[in-house]
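Fold and contact review
Spelled out, the chains give:
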Amino acid sequence: MKVGLGVTGCIAAYKAVEVMRGLQKAGLTVQVILTGSARRFIAPLTFEALSGQPVITGMFRLGMNRSIEHIQLAQEIRLLAVVPATANILAKFAQGIADDFLSTLYLSCPAPVLLAPAMNVEMWRHPATCRNVEILRERGHFFVDPEIGSLACGLEGAGKLAGVDRIVAAILAALHPGESMKALKVLVTAGPTVEDIDPVRFLSNRSSGKMGFAVAQAASQRGAEVFLVSGPTRLSPPPGVHTTEVRTSAEMKAAVLSLYPRMDIVVKAAAVADYRPAEFSEKKIKKDHAPAVLSLVPTDDILAQLGALKNEQVLVGFAAETGDLLAQARRKLVRKNLDIIVANDVSSGVFGSDISTITALSSGGETLTIENRSKLEIAHQILDLALRVRAARSGAAAGS
Ligand code: CTP
C-alpha cells in the first residue's frame, strides 16, 4: 500500500524522516514529496538513502512530465499526509492554490488527507490560519494537532509538531479505519447544554464537544448513518452527518428521544446540565433586584431514561469525574443500565484538548484503558468495543 508524505519548510522537517521510517516499518511504501522550502531544511538524499526510493522535489524536470506524474501518483496513493504542514501549505490547500508539486497533487488526489501542522504559536492562532484549518476540517481532513512546548522561535505555546508516534498511529488509523459500520445507525450527543437565567446570563460547562464530534466522525468514516445532537460548540460537524443543534437539556432530550427507537448504537458524550434555573426571567435581572441565591431544579437524566427504554441498542455513556474514577463509573454503568461507560478524569484540564486518557468499562466485564491518544483514535476504539458488545449480544441471542 502506497502513501504520499509531503514535507514542507519548517525546522521540524527532519522529524518527517522518522515518520517515513515508522510507516515503512508498518509495511507501507512511502513516496516523499519535498517542497522547495523543505529542501532548505533537509536534503532529499536523507530520505532517498533511508527509503531507497527517489524523492519528488519539483514540478518540472527535464525528460519528465511531472504534470502527468502528479495525476498518476494521486491515483496510486491511499493517503496523503503532510508532516510538518506549515501555515503556508494549509492556506494553499484551503484555497486550492496549485503552484508546486505538493499543492497540485493535493488538488488531484481523491485519497484521505492528514495534516500535522507545526509553526510559531502566533501563526497557529492567527485568525487566517484558524479559518484555513476550519475549512480543511470541514472537508473531512484528519489533523494531528500541534502540541504545546518550547518552539524553535524561542516562544512557548502551541505549535510544536506532534510526537512521531502519534503521527504514525494517526496515519495508520486513517488507513485502517476498522470494522465497517455500514447499515448501522449511530446517535451521538456532544458538547455542553446551556440553561438560561435571563436574556443575558446562563449556566453551562466547559465541554468543547470534541470527543462527541470525534465519535461522529469515526462512525461516519466507517460507513454508519450518523445522527449528531449537539449543544453549542465551536466545531463544524463532520461531513455527511445529520446534525441537530440544541441549546438546553430539554431540547437535547426531545431530539434524542425522537431518534432513539431507530438507533443501533448510542454514544452520549454530551455534558448535560444536571440543574437548570427554576425560573427564566424574560427581562434582564437588574443588579438591585438580583436574588442572593439562585434557585435551581434538576433536569431529566436523559441517559438514565434511554437505559430504561433500552431495547436492542448498545448504549454508551460517559462519566466525567474528579476522583474515585472507576468506582463512580461502575456505579453509573449499573444505575443507568448502560452497556459501556467511558470514564475520564477531568481534574487536570482535559476540556478542549485533542488528546485524552480514558478507561472504558463494559457491562460484560471488559476494561479498556487508552492513554494520551487523539480523541479520534479513542473514538474508534470505543466504537470497536460497542461492536464487540453488539456481536456478543447477537451471538447470545442466536444461542438461546
Ligand atoms: N447525562 C444525561 N442527562 C443528564 C446528565 C447526564 O444524559 N441530565 C449523561 C451524560 O451525557 C453522560 C452521563 O450521563 O453520558 C454521565 O454524566 P455525568 O455528568 O458524568 O454524571 P451524572 O449522571 O450527571 O452524575 P454526577 O454529576 O453526580 O457525577
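Counting restarts for each chain: residues are numbered from 1 in the order of the written sequence. Only residues with pLDDT of at least 70 get local features here, since the model is predicted, and only at 80 or more are side-chain atom pairs given and counted; chain-wide, interface and lining totals rely on the full set of residues. Side-chain descriptors were evaluated using all non-hydrogen atoms of the structure, hydrogens and water having been removed beforehand.

1. Looking at the domain arrangement of the protein
The split into domains, and so the bounds of each, comes from an automatic or database assignment of domains. Split into domains, the protein comes out as domain 1 (2-175) and domain 2 (185-278 + 292-399). For domain 1 and domain 2, the distance between their C-alpha centroids amounts to 33 Å. The term buried area refers to how much accessible surface (probe radius 1.4 Å) is lost by two components on association, counted for both of them together. Approximately 850 Å² of surface area, both sides summed, lies buried where domain 1 meets domain 2, with 53% of it carried by carbon and sulfur atoms. If you sort the residues of domain 1 by the area they bury against domain 2, E138, F142 and R166 come out on top, with a joint share of 51%. The rule for a salt bridge is simple: a side-chain nitrogen of Lys or Arg has to be within 4 Å of a carboxyl oxygen of Asp or Glu. Linking domain 1 to domain 2 there are zero salt bridges. Every element with two or more residues in the side of domain 1 that touches domain 2 is listed here: α8 (127-138) and α9 (164-175). Secondary structure elements are defined from DSSP: runs of H or I of at least 4 residues count as helices, runs of E of at least 2 residues count as strands, and each element is numbered from the N terminus. Among the elements that line the side of domain 1 that touches domain 2, the one with the most residues is α9, at four residues. A class-by-class count of the residues in the side of domain 1 that touches domain 2 yields four nonpolar, one polar and five charged. Residues are grouped as follows: Ala, Val, Leu, Ile, Met, Phe, Trp, Tyr, Cys and Pro are nonpolar; Asp, Glu, Lys and Arg are charged; all remaining types, including Gly, are polar.

2. Some details on the sheet that holds strand β13 (residues 265-268)
With mixed pairing, the eight strands of this open sheet are ordered in space as β12-β11-β8-β13-β16-β17-β18-β19. In this open sheet, the two edge strands, each paired with only one partner strand, are β12 (242-245) and β19 (367-374). Averaged over neighbouring strand pairs, the angle between their axes works out to 15° when direction is ignored. With respect to the sheet, helix α14 (residues 375-399) is in contact with β13, β16 (314-321), β17 (340-345), β18 (355-362) and β19, its orientation differing from that of β19 by roughly 160°. Pairing between strands is defined by DSSP: at least two bridges between the two strands are required. Interaxial angles span 0 to 180 degrees and are taken between N-to-C directions of axes, which are lines fitted to C-alpha atoms, for helices over the stretch in contact. Two residues form a contact once any of their heavy atoms are found within 4.5 Å.

3. Considerations on the site of the ligand
For this description, a residue counts as near a given molecule or strand if any of its non-hydrogen atoms is within 4 Å of it. Around the ligand sit 16 residues, and of these K268, A270, F318, K332 and K336 come closest. A 3.5 Å cut-off defines polar contacts: any pair of N or O atoms within that distance qualifies, except that in protein one atom must be a possible hydrogen donor and the other a possible acceptor, and neighbouring residues in sequence count only when both atoms are side-chain atoms. In the model, an oxygen atom of the ligand is placed 2.9 Å from a nitrogen or oxygen of the F318 main chain. Considering the ligand on its own, with 570 Å² of exposed area, one finds that the protein chains cover 79% of that surface. Within the residue set of the shell around the ligand, elements represented by two or more residues are α12 (302-309) and β16. The element contributing the most residues to the shell around the ligand is β16, with four residues. Its residues assigned to classes, the shell around the ligand shows eight nonpolar, two polar and six charged. The Shrake-Rupley method, run with a 1.4 Å probe, gives the accessible areas here. Residue values count only the displayed protein chains as cover.

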